[in-house]
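Here is what each chain is made of, one letter per residue.
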Amino acid sequence: MHAAAVLFAERGFRGVGIEQIGAAVGISGPGIYRHFPSKDAMLVELLVGISRYLLENARDARQAGENSAQALDRLVRGHVEFALDHPELIVIHDRDLWSLPEEAAREVRRLQRAYTEQWVETLREARPELGVAAARARAHALFGLINSTPHSASDLGRPEMAAMLHTMALGAAHS
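The shown structure was predicted, so the numbers you read here are calculated from the model rather than taken from an experiment.

### Section: the UniProt feature "DNA-binding region" (unreviewed entry) in the protein
Okay, so step 1: What UniProt calls "DNA-binding region" (unreviewed entry) maps, in this numbering, to residues 17-36.
Okay, so step 2: From the first C-alpha to the last, residues 17-36 spans 14 Å; its make-up is 35% helix and 0% strand.

Okay, here's the thing in structure tokens:
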């Protein structure tokens, strides 16, 4: 899956063949079919899978936090880790979401809405003066900050980048 994700991010979903994915993992292209029924199924697994993972982690972060500040800190840390560990999935989502079968695309959007609502609820708990629309806009702005930076500023090491994104996102959440 990681090899497919890297190739999809580099060349686009439509620009990668099953032979290239197989070669990347040292097997023949048709050997991929022992694990996945199609290249489309791989894309579904990548995008639906990461959407489920993010939502589950957000729910866990909210439950583990003793208060809204801790929950927000955990949400930010989790999303920063995701962005730094899986930048290829952000690229694939941004560029190739339209390539998903309609049912899978609906599921990704449903999971993403639920993920966003975890942030909205946490932001509103931390900042009771925020309305729902303002909290949702703030959540999306935070996603944009965290998701875009690893692609545009790769000169920093991972620990420095993680610390910077964490500090900036929490600052933006509270401003």
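### Section: the environment of arginine 34
Okay, so step 1: Inspection of the secondary structure puts arginine 34 in the loop between α2 (18-24) and α3 (39-64).
Okay, so step 2: Residues arginine 34 and leucine 165 lie 131 residues apart in sequence; the distance between their C-alpha atoms is 40 Å.

### Notes on helix α8 (residues 158-174)
Okay, so step 1: Over its 17 residues, α8 runs 24 Å from end to end, which matches the ideal 24 Å to within 8%, given 1.5 Å per residue.
Okay, so step 2: All of the buried residues in α8 are Met161, Ala162, Leu165, His166, Ala169, Leu170 and Ala173. Along α8, the residues classed as buried sweep out an arc of 150 degrees about the axis, all on the same side.

### Brief notes about helix α6 (residues 102-126)
Okay, so step 1: Over its 25 residues, α6 runs 36 Å from end to end, which matches the ideal 36 Å to within 8%, given 1.5 Å per residue.
Okay, so step 2: Within the sequence span of α6, burial applies to Ala104, Ala105, Val108, Leu111, Ala114, Tyr115, Thr116, Gln118, Trp119, Val120, Thr122 and Leu123.

### Some remarks on the packing of aromatic side chains
Two measures describe an aromatic ring pair: the distance that separates the ring centres and the angle between the ring planes.
Okay, so step 1: A complete count under the given rule lists 4 aromatic pairs for this structure.
Okay, so step 2: Arranged with centres 6.2 Å apart and planes meeting at 65 degrees, the rings of tyrosine 115 and tryptophan 119 form a pair that is edge-to-face. With tyrosine 115 and tryptophan 119 both in helix α6, this residue pair falls 4 residues apart, about one helical turn.
Okay, so step 3: An angle of 85 degrees between the planes, with centres 5.1 Å apart, marks the rings of tryptophan 119 and phenylalanine 143 as edge-to-face. Of the two residues, tryptophan 119 is situated in helix α6 and phenylalanine 143 in helix α7 (residues 132-152); the sequence distance between them amounts to 24 residues.
Okay, so step 4: Ring-pair connections join several aromatic residues into one group, and the members of that group are Tyr115, Trp119 and Phe143.
Okay, so step 5: Geometry around phenylalanine 13 places lysine 39 over its ring, the cationic atom sitting 4.3 Å from the centre.

Cut-offs and rules
- Residues numbered from 1 in each chain as written.
- Predicted model: local features only at pLDDT ≥ 70, side-chain atom pairs only at ≥ 80, totals over all residues.
- Heavy atoms only, no water.
- UniProt positions renumbered as here; feature names shortened; annotations may be inferred.
- Helix = DSSP H or I, 4+ residues; strand = E, 2+ residues; numbered from the N terminus.
- Expected span 1.5 Å × (residues − 1).
- Buried < 20%, exposed > 50% of the residue type's maximum accessible area, 1.4 Å probe, protein only.
- Arc of directions from axis to C-beta.
- Phe/Tyr/Trp six-rings, centres within 6.5 Å; stacked < 30°, edge-to-face > 60°.
- Lys NZ or Arg CZ within 6 Å of the ring centre and 35° of its normal.

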